[in-house]
Structure formats: structure tokens, C-alpha cells
Amino acid sequence: MVRHCLLIGSPGKEGTEDHLPGVERDIINYSRFFRSPLGGAWEDHEIAVLKNPSRREVESQIDILSNADFTIAAFCGHGAYGRSTILEIRPGVEIDSNMLSRGGGKHVVVLDCCRVLRKYSQATVLAEFARFAEVHDRDACRRRYDEAIRRSPLGLVVMHACRAGETAEESEEKGGYYSSSLIEAAGDWARTVRNGILTVVEAHQRASRMVNASSSDRQHPTLDKPRSGPYFPFAVMPY
């Protein structure tokens, strides 16, 4: 089973009005989560982190994604919406989010960014490593995670932090409402089960309810997924 995870953080330039300090926290939190047993026990060499990357650096990582069995691409930073979601990977440099859809045969894309209609907002999108149940058996979690991937058919899942035309909100302390809610939802789930798989679809549904509440119903995450499962894993409990 060949995995690869690409985490892109675009906090911008320190000292400027558009700087997003929460993005750095998001990337740290995602890295810790995926490396943890609960998040699938990913190895260090399976996770690539890019901060304010060039377009060439992103393209190079996407080539690596396309050669893996299961892949995750996550972006945290400024975004906008035209015909599709636009990502500002560094100040003045944008890419179409569809570029991140080119992953392995089994691929998940997480876009925690604003989708204001063709305008950038100072409100950003970030994520936090939330509390989750302590899991000790890393190897068992990794095996369970891989088994869930093997049972899933080829497909693409795209998880958006908000609807087109909306902003994705953030907290300076916790990070993006959507990303922090995804990880917090995994922790809440882990405390209620002893054995199971939290799919990306269920994690999205749980996080969406949390985002709706924390944003006073101003932010509404959306999901693009295959019409049939089983769906890819987001978190696992092996016991």
C-alpha cells in the first residue's frame, strides 16, 4: 500500500494585513493527526509539507501523488471562487484547486479556504489538532486504515469548507472552523467507539454540524463524492 499526503499551507508574508498565523497551526495539527494512530499512522516519509510554495513545487508533489495508491491533498490559506475554487499558494501566485484533484486512484482533497466570488477576504481557513482518544497500538491502526482503503473503490472525494459564495471562518487559537471541526469530530467519535472506521463522508457530516453551529449558520461545508461506498477512512479505532 503506497500512501502519500500533501499538506500545503499558505499563511502569506508575516507583518502584512493578509498574514494568516492560523495556517501554520493548521499544518502542524494535520501533520500530528495523520501521524497519530487515530489518523492512520502515516510515516514521516509519506507526508510532504509545503509552505508558501511555488507552482513548480506543487506540480512536483502532484506527480508523486499520481503514483501512489491512496492520497490526501490538503490546502489551508486564502481562496476565492470563479468557475472553480482558486487557491493562493503564495502571495501573488494562484492555482486552480482542480490541480489538487490529480492524485492516486483513491484520493481525498481538503480545501480549507474562503470561496468569496473572485475576491479575497481577510477571513481565512485553518485547522487545529483537536483532542482525541488515546490509541497505543500504532501498527494495528495502520493495518485497519489500509484495510479500509483496499475495500474502497477507486474514486475522488472533495471536501469543501463552505459553499460557493461563502467565506470559510477561522479562530486564531483553534484554526479554521472546518479543519478543526474535522479533527475534533474524529476525537469525539473515538471516545464513543472501541472498534470501527470513521469515513471521510461521516467525518464531513459530523464536522458540518459543528461548523454550522460555530458560524451561527453562516458557513455550510459541502461534499463531492462517489454515489456508492464504502468510502475512504478518515480515522480508525482497531480494538
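I will try to describe carefully the structure that is included in this document. (Residues numbered from 1 in each chain as written. Predicted model: local features only at pLDDT ≥ 70, side-chain atom pairs only at ≥ 80, totals over all residues. Heavy atoms only, no water.)

### Here's the deal with the overall build of the protein chain
Looking only at helices and strands, the protein chain has five helices and 13 strands in total. For the protein chain, whose C-alpha radius of gyration is 16 Å, the value lies close to the compact-globule estimate of 18 Å for 239 residues. For the protein chain, the C-alpha atoms occupy an extent of roughly 45 × 40 × 35 Å along the three principal directions. Buried positions account for 57% of the 239 residues belonging to the protein chain. Intrachain contacts of the protein chain at a sequence separation of at least 6 include 80% that bridge at least 24 residues. (Helix = DSSP H or I, 4+ residues; strand = E, 2+ residues; numbered from the N terminus. Rg over C-alpha atoms; globule rule 2.2 N^0.38 Å. Buried < 20%, exposed > 50% of the residue type's maximum accessible area, 1.4 Å probe, protein only. Contact = heavy atoms within 4.5 Å.)

### Describing unusual backbone geometry
With glycine set apart, most residues show a phi of negative sign, and most peptide bonds adopt trans. The amide bond that connects glycine 229 to the next residue, proline 230, takes the cis arrangement and shows omega of 0 degrees. Here the phi dihedral of alanine 41 falls at roughly 55 degrees; this positive angle occurs in a residue that is not glycine. Note on placement: alanine 41 falls in the loop between α1 (21-35) and β2 (47-51). Owing to a relative accessible area of 0%, alanine 41 belongs among the buried residues under this scheme. A positive phi angle, near 45 degrees, is found at asparagine 52, a position not held by glycine. Among the secondary structure elements, asparagine 52 is positioned in the loop between β2 and α2 (55-65).

### Quick word on the pattern of salt bridges
By the definition in use, this model includes nine salt bridges. For glutamate 46, the salt bridge is made with arginine 142, and the minimal N-O distance between the two is 2.6 Å. Remark: arginine 142 occurs in helix α3 (residues 138-151) and glutamate 46 occurs in the loop between α1 and β2; sequence separation between them is 96 residues. Judged by its relative accessible area of 16%, arginine 142 is buried. (Salt bridge = Lys/Arg side-chain N within 4 Å of Asp/Glu carboxyl O.)

### Examining the nonpolar core
One finds Phe34, Val108, Leu182, Val200 and Phe234 to be the most contacted residues of the largest nonpolar core, which totals 43 residues. In terms of residue count, helix α4 (residues 177-190) provides more of this core than any other element does, six residues in total. Counting residues in hydrophobic clusters, the runner-up holds 18 residues, among them Ile8, Ile89, Cys113 and Val158. (Core = buried A, V, L, I, M, F, W, Y, C linked by side-chain atoms within 4.5 Å.)

### What about the sheet that holds strand β12 (residues 222-224)?
Pairing within the open sheet is mixed, and its six strands lie in the order β2-β1-β3-β7-β8-β12. What marks the edges here is a single partner per strand, and that holds for β2 and β12. Recorded for the sheet is a direction-independent mean angle of 10 degrees between the axes of neighbouring strands. Sheet topology places strand β7 (residues 106-112) next to strand β8 (residues 155-160); six bridges connect them, and they run parallel. (Pairing = 2+ DSSP bridges. Axes fitted to C-alpha atoms, helices over the stretch in contact; angles between N-to-C directions.)

### Things to note about α3
Look at α3: 20 Å from first C-alpha to last across 14 residues, which is about the 20 Å you get at 1.5 Å a residue. All of the buried residues in α3 are Ala140, Cys141, Arg142, Arg144, Tyr145, Asp146, Ala148 and Ile149. Packed against the buried residues of α3 are β1 (3-10), β3 (70-77), β7, β11 (195-199) and β13 (233-238). (Expected span 1.5 Å × (residues − 1).)

### Things to note about the sheet that holds strand β4 (residues 79-81)
Here we have three strands laid out as an open sheet, ordered β4-β5-β6, and antiparallel in their pairing. Each having just a single partner strand, β4 and β6 (93-96) make up the two edges of the open sheet. On average, each strand axis in the sheet is inclined to that of its neighbour by 30 degrees, with strand direction left out of account. For strand β5 (residues 85-90) and β6, the ladder comprises four bridges, and the chain directions are antiparallel. Paired with arginine 90 across the strands is valine 93, a residue of β6.

### Remarks on the side chain of arginine 144
Topologically, arginine 144 is positioned in helix α3. In terms of polar contacts, arginine 144 uses its side chain to reach the backbone carbonyl oxygen of methionine 237, at 3.3 Å. Arginine 144 has contacts with Asn195, Gly196, Ile197, Val236, Met237 and Pro238, leaving out every residue within four places of it along the chain. (Polar contact = N/O pair within 3.5 Å; in protein donor to acceptor, adjacent residues only side chain to side chain.)

### A few points about the packing of α1 against α4
The interhelical angle for the contact between α1 and α4, taken along N-to-C directions, is 25 degrees, at an axis separation of 11 Å. Considered as vectors, α1 and α4 are oriented roughly parallel to each other. Crossing geometry of α1 relative to α4 is assigned as left-handed. Within the contact between the two elements, α1 uses Asn29, Tyr30 and Phe33 and α4 uses Ser179, Leu182, Ile183 and Ala186. Grouping the constituent residues of the contact of α1 with α4 by class yields five nonpolar, two polar and no charged. (Parallel < 35°, antiparallel > 145°, perpendicular 65-115°, else oblique. Left-handed = near helix turned anticlockwise from the far one by under 90°. Nonpolar A, V, L, I, M, F, W, Y, C, P; charged D, E, K, R; others polar.)

Bear in mind that shape data such as this cannot, by itself, settle questions of function.
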